[in-house]
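Each chain, letter by letter, is given below.
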Amino acid sequence: MAENSVMSLSFKRACVTGGAGFIGSALTTRLLDLGMEVSVLDNLSVGKAGRVANGAKLIVGDIRDSAACKEALAGCDILFHLAARVAIRSSFEFVVDDASVNVVGTASILRAAADSGTVRKVLSASSMGVYSDSDSPTPIPETHPTQPVAPYGISKLATEQLTHLLAAKYGMESVVLRLFNTYGPGQTLSPYVGVVTIFVNRLAEGEAPVIYGDGRQARDFVHVEDIAQGFVNAMDAPISGVTLNLGTGRATTVRQIFEILQATLGTRVSPRMEAAPPGELLYSIADISKARRLISYSPRHEIQKSLPEAVEEILALRAGSN
């Protein structure tokens, strides 16, 4: 399943929830490039209408609103469910909101997909946050214990189970993709997620980025284009009831990210070190062998090589918003 411009073998019209967001907009563009029709359902609480690619139909609405779900899913034969509240560190404070959007919202859009009578497959975005911490910076498979350390991870684990359970009950295929630390162009600046975007904006202001703990916590940083391609590969793969990791399989520490960005931007600002907050994993690296085998997933970007380009795009977005 190499990257190409050939239309999907099985699906013609997609609904992408959260399609005005960082990952959702990249996926929407990819689907349009394949010649598919795409409707986007997004409440624009984080996403931006201007990010939705020309050619997609934008429905501004909430996934907990049955009427909005029905409108977005009309005539669709596949659902990509990416809409969610995405923030691990803030999920203790916003636990009710997280549960409402991520769990109730997922139940709402899945029920609407079943009622549509046309949706045949659901691909749902989950997170590395469903896993318990690892003892070392080695890749973890999908069988690694799912014991979340933050409310966000609990809500995403519930969305996984709802996806597979309800899809099976209503005769739809299902695939859940656990996404690791995604970076790249188009990520909205937030104090809670997206360390690359946060660091670039702080350094551009001449301010000290905050590194929590000792900075040796290791993450699997995966480019948004590779994530979008993973969804496309999973779309036509003959699998159902399957959960897969999407990452790179390579570990990079937060301190290394800071050093690469500092060298790229030519700054001399030192980071501010603070105690690690609750709810964050020390080590989180994906074993992607299952995704390689089942959906021919093969990430093309290496962070050391692609980060400078991502920095340029983040700075350009920053300049455009000022």
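Keep in mind the model is a prediction, meaning the values are calculated, not measured.

**A few points about the overall build of the protein**
Point 1. Helix and strand counts for the protein come out as nine helices and 14 strands.
Point 2. Its C-alpha atoms give the protein a radius of gyration of 19 Å, near enough to 20 Å, the size a compact globule of 322 residues would have.
Point 3. Referenced to the eigenvectors of the C-alpha coordinate spread, the extents of the protein come out at roughly 60 × 40 × 40 Å.
Point 4. With 322 residues in all, the protein has 55% of them scored as buried.
Point 5. Sequence separation of at least 24 residues holds for 80% of the intrachain contacts in the protein that already meet a minimum separation of 6.
Point 6. Accessible surface, the protein as shown: approximately 13600 Å² in total, 53% of it carbon and sulfur.
Point 7. Averaging the coordinates of the 29 positive side-chain charges in the protein and doing the same for the 32 negative ones gives two points 2 Å apart.

**Let's talk about the sheet that holds strand β3 (residues 57-60)**
Point 1. Here seven strands make up an open sheet; going across it, the order is β3-β2-β1-β4-β5-β6-β11 and the pairing parallel. This sheet does not close on itself; its edge strands, each paired only once, are β3 and β11 (242-246). Taken pair by pair, the neighbouring strands of this sheet meet at an average axis angle of 20°, ignoring direction.
Point 2. Looking at chain direction, strand β4 (residues 78-81) and strand β5 (residues 121-127) are connected through four bridges and run parallel. Note on β5: the bridge partner recorded for His-81 is Ser-124.
Point 3. Here helix α1 (residues 22-33) sits on the sheet in contact with β1 (13-17), β2 (37-42), β4 and β6 (173-179), set at roughly 170° to β1.
Point 4. Here helix α4 (residues 151-169) sits on the sheet and contacts β5, β6 and β11; the angle it forms with β6, its principal contact strand, is near 160°.

**Focus on the confidence of the model for the protein**
Point 1. Of all residues in the protein, 92% attain a pLDDT of 70 or more, and the chain-wide mean is 90.
Point 2. Scored below 50 in pLDDT, residues 1-6 makes 13 contacts in the model with residues more than four places away or belonging to other chains.

**Section: unusual backbone geometry**
Point 1. The phi torsion at Leu-44 lies on the positive side, around 60°, for a residue other than glycine.
Point 2. Checked against the element boundaries, Leu-44 lands in the loop between β2 and β3.
Point 3. Given the relative accessible area of 29%, Leu-44 is considered partly exposed.
Point 4. Phi at Ser-296 takes a positive value of approximately 55°, unusual for a residue other than glycine.

**A closer look at the pattern of salt bridges**
Point 1. Evaluation of the coordinates by the stated rule reveals 11 salt bridges.
Point 2. The shortest N-O distance in the salt bridge between Arg-111 and Asp-115 comes to 3.6 Å. A residue pair is termed a helical-turn pair when its members lie 3 or 4 positions apart in one helix, as Arg-111 and Asp-115 do in helix α3 (residues 95-116) at four residues.
Point 3. When its relative accessible area of 57% is taken as the criterion, Asp-115 is described as exposed.

**Description of the environment of Pro-139**
Point 1. Along the chain, the position of Pro-139 falls in the loop between β5 and α4.
Point 2. Residue classification places Pro-139 among the partly exposed residues on the basis of a relative accessible area of 40%.
Point 3. Considered as a pair, Pro-139 and Arg-250 are 111 residues apart in the sequence and their alpha carbons are 7.6 Å apart.
Point 4. In this view, Pro-139 contacts Gly-249, Ile-285, Ala-286 and Asp-287; residues no more than four positions away in its chain are not counted.

**A short note on the packing of aromatic side chains**
Point 1. On inspection of all chains with the given rule, the structure shows three aromatic pairs.
Point 2. Between Phe-80 and Phe-231 the ring centres are 6.2 Å apart and the planes differ by 65°, which places this aromatic pair in the edge-to-face class. Of this pair, Phe-80 sits in strand β4 while Phe-231 sits in helix α6 (residues 224-236), and the two are 151 residues apart along the sequence.
Point 3. On the basis of relative accessible area, Phe-80 is assigned to the buried category, the value being 0%.

Thresholds, definitions, all that
- Residues numbered from 1 in each chain as written.
- Predicted model: local features only at pLDDT ≥ 70, side-chain atom pairs only at ≥ 80, totals over all residues.
- Heavy atoms only, no water.
- Helix = DSSP H or I, 4+ residues; strand = E, 2+ residues; numbered from the N terminus.
- Rg over C-alpha atoms; globule rule 2.2 N^0.38 Å.
- Buried < 20%, exposed > 50% of the residue type's maximum accessible area, 1.4 Å probe, protein only.
- Contact = heavy atoms within 4.5 Å.
- Areas by Shrake-Rupley, 256 points an atom, 1.4 Å probe, with all protein chains shown as cover.
- Lys, Arg positive; Asp, Glu negative; His and termini not counted.
- Charge placed at Lys NZ, Arg CZ, Asp CG, Glu CD.
- Pairing = 2+ DSSP bridges.
- Axes fitted to C-alpha atoms, helices over the stretch in contact; angles between N-to-C directions.
- pLDDT = per-residue confidence, 0-100.
- Salt bridge = Lys/Arg side-chain N within 4 Å of Asp/Glu carboxyl O.
- Phe/Tyr/Trp six-rings, centres within 6.5 Å; stacked < 30°, edge-to-face > 60°.

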